[in-house]
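For reference, the chains in residue letters:
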Amino acid sequence: MSRTALIIGSGVAGPAMALFLRRLGWEPAVYEAADEPDDYTGAFLNVATNGLAVLDELGLRDRLLSDAHPCPRMVIWSGRGKRLGEVPNGPAGEPERASSVLRRGWLHQVLREEATRQGIPFTFGARLTSITPLAGEAVRATFADGTSAEADLLIGCDGVGSVTREFVDPSAARPDYTGLVGVGGFARSAGVAPTPDTQHFVFGRRSFFGYLVRDDGEIYWFANVTRPEPRAGEIRALTTESWLAELRDLHAGDPDPVPAILAASSGDIRGYPVYDLKHVRQWSRGRVVAVGDAVHATSPSAGQGASLALEDTMALAQCLRDAPDHAAAFAAYQRIRQPRVEQVVEYGRAISNRKTISRNPLAVLARDAVLPMFLRRAATDRTTRWLYDHQQSWETTVTTVATPGR
Ligand SMILES: Cc1cc2nc3c(=O)[nH]c(=O)nc-3n(C[C@H](O)[C@H](O)[C@H](O)COP(=O)(O)OP(=O)(O)OC[C@H]3O[C@@H](n4cnc5c(N)ncnc54)[C@H](O)[C@@H]3O)c2cc1C
C-alpha cells in the first residue's frame, strides 16, 4: 500500500486529509495556491454536528469551539420587519447537537496548526497546473511556478474550481451558478445587542441578509446578493468600498439593525459567487482522487459544505486503511460518499432557490404569507435528521471490493 501523498489545497479538506493519513503512518505533504495562510478568507461559516464529530475524531473539536458562536436557533424576518418564524440549526428538538458559527480562517488555522505540529509540511504559493501519471507507481504534480513534486498518490482538495476534477473526470459538467453572490464581514455597533444562541436572517427587499452578535459585541454578517453570473475575475476586482456602497444601498430600506450593521462594518469585505456541483461521474483516476467541493459543492444555504468535506477525508482515509490497494479504496470511497453528498447538494439547492429575492411585490407578499406556515412545520421536522445523523466511526472496517485493472 502506498505511503506518500500530495495533498492539493489547504482549505478545510486538505489539512484534515493530511491528519487522517498521518494517523495511518503516511507521509502527506500539502500544497496550497495562496501565497500565505489567509485567516480572513470567506468570513465565517456554519459547522454542523456531523462536521464537528469529524473534528472530534481529530481531537480538535474543543479547540475549534473555544472561538465559536453556538447557534441552535435561526430566526427569520421579512423585509418589513415581521418575524416570520424560527427553525432549529441542527436536528429538531436537540439544541445540544446544534451547529456552531465560526470564522473560516479559524477553522483553517486550527486544522493547519495541528498538521504542522505533527510535522506535515505545507508549501504555499503552489498552484497546481497539471497532473502527470508516471510509469511505475507514482504521480507528479506540476505547479504554476514550474516546480513539481511526486508521490504515490495525489489527493485533490482544491475546492469548487478544482484542477484535480478536470484530471479525474475531464467530461465533468462545470459547477452550476446559484444566482447568488455571498459577501460577508464583521462589525461592531454599540446599538446592536448580542444574539445568544441565535442567528437572524432577513428577506431584505432587494437582498437576503444574515447576522449574529457575539457576547463581546462583535457582529458577523453576510448578504446573499441576487446577481447574474459574474464574468471571471469580476467579483474579485470589487473593493471593500464598492461592496459597502452597493450593500448599503440594497439594504437601505430594510428593518433594523441591518442598515446599522452595514454602517458599522469594518475590515475587508470580499464576495464569492456561489456555485454548486451535484454529480461528477468519476471521483478518481489512476493514483489521483478528489475530495470535498472538488467533486460535490453544496450551496452555503445547507450549512453543510465544510462538514461534508470533513466527512469525506475520514471516509477516504478509512478506505485507504482497509482496502487491498488504492484503486479499491477510491472505488469504495466514491460508492460510500456519493449518494449522501448528492442528497445534500439537492437539499441546499432547494433552500438557495428560496433565498433568491423577487422584485415582484405580489411574489413577496405571497412568500411572506406562506413562509410562516412552512417554518412552523420545519421547526419540528424530523425528516431532515439524515443531514446530521450521519454515522461514521473510525473503528468500523470499510467493506471494499478489489477492482482489478484500474
Ligand atoms: C460564500 C460561501 C459561504 C459558505 N458558507 C458555508 C457554511 O456556512 N457552512 C458550510 O459548511 N459551508 C459553507 N460554504 C461551503 C464551504 O466553504 C465549502 O464546502 C468547503 O470550504 C469545502 O472545503 P474544501 O476543502 O473542499 O474546499 P476549500 O475550502 O474551497 O479549499 C480549497 C483550497 O484549495 C486551494 N486551491 C484551489 N485551487 C488550487 C490549485 N490549483 N492548486 C493549489 N491549491 C488550490 C484554494 O486556495 C483553497 O485553499 C460556503 C461557501 C461559500 C462560497
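Quick look at the structure, then. (Residues numbered from 1 in each chain as written. Predicted model: local features only at pLDDT ≥ 70, side-chain atom pairs only at ≥ 80, totals over all residues. Heavy atoms only, no water.)

### Notes on the packing of helix 2 (residues 49-57) against helix 8 (residues 305-322)
Running from amino to carboxyl end, helix 2 crosses helix 8 at an angle of 40°, the nearest separation of the two axes being 8 Å. Taken together, the axes of helix 2 and helix 8 are oblique relative to one another. Where helix 2 crosses over helix 8, the two elements pack in a sense that is left-handed. Residues Asn50, Gly51, Val54, Leu55 and Glu57 of helix 2 pack against Ser307, Leu310, Glu311 and Met314 of helix 8. Looking at side-chain class alone, the contact of helix 2 with helix 8 contains four nonpolar, three polar and two charged residues. (Axes fitted to C-alpha atoms, helices over the stretch in contact; angles between N-to-C directions. Helix = DSSP H or I, 4+ residues; strand = E, 2+ residues; numbered from the N terminus. Parallel < 35°, antiparallel > 145°, perpendicular 65-115°, else oblique. Left-handed = near helix turned anticlockwise from the far one by under 90°. Contact = heavy atoms within 4.5 Å. Nonpolar A, V, L, I, M, F, W, Y, C, P; charged D, E, K, R; others polar.)

### Digging into the nonpolar core
In this structure, Met17, Leu21, Leu55, Leu107, Leu111, Ile155 and Leu316 are the most contacted members of the largest nonpolar core, which totals 65 residues. In terms of residue count, the dominant contributor to this core is helix 8 (nine residues). Residues contacting leucine 21, with those up to four places away along its chain left out, are Ala5, Ile7, Trp26, Pro28, Ile155 and Leu320. With 22 residues, the next largest nonpolar core counts Val183, Val192, Leu244 and Leu262 among its residues. (Core = buried A, V, L, I, M, F, W, Y, C linked by side-chain atoms within 4.5 Å. Buried < 20%, exposed > 50% of the residue type's maximum accessible area, 1.4 Å probe, protein only.)

### Overview of the site of the ligand
Taken together, 29 residues are adjacent to the ligand, and Ala13, Glu32, Asn46, Arg104 and Asp293 come closest. Within the contact set of the ligand, an oxygen atom lies 2.8 Å away from a backbone nitrogen or oxygen of asparagine 46. Between glutamine 304 and the ligand, the recorded distance is 3.4 Å, taken from a backbone N or O atom to an oxygen atom. Contact with the protein chains covers 83% of the free accessible surface of the ligand, which is 990 Å². Those elements giving two or more residues to the shell around the ligand turn out to be strand 3 (44-47) and helix 8. Among the elements that take part in the shell around the ligand, helix 8 stands out by supplying four residues, more than any other. Residues that form the shell around the ligand fall into these classes: 14 nonpolar, ten polar and five charged. (Near = heavy atom within 4 Å. Polar contact = N/O pair within 3.5 Å; in protein donor to acceptor, adjacent residues only side chain to side chain. Areas by Shrake-Rupley, 256 points an atom, 1.4 Å probe, with all protein chains shown as cover.)

### Let's talk about the sheet that holds strand 7 (residues 100-103)
Pairing between the strands of a sheet comes from backbone hydrogen bonds, and it takes one of two forms, parallel or antiparallel. If you trace the three strands from one edge of the open sheet to the other, you get 3-7-4, paired in antiparallel fashion. Sheet topology places strand 3 and strand 4 (69-70) at the edges, where each strand pairs with a single neighbour. With two bridges joining them, strand 4 and strand 7 adopt antiparallel strand pairing. Bridge pairing in strand 7 places histidine 69 opposite valine 101. (Pairing = 2+ DSSP bridges.)

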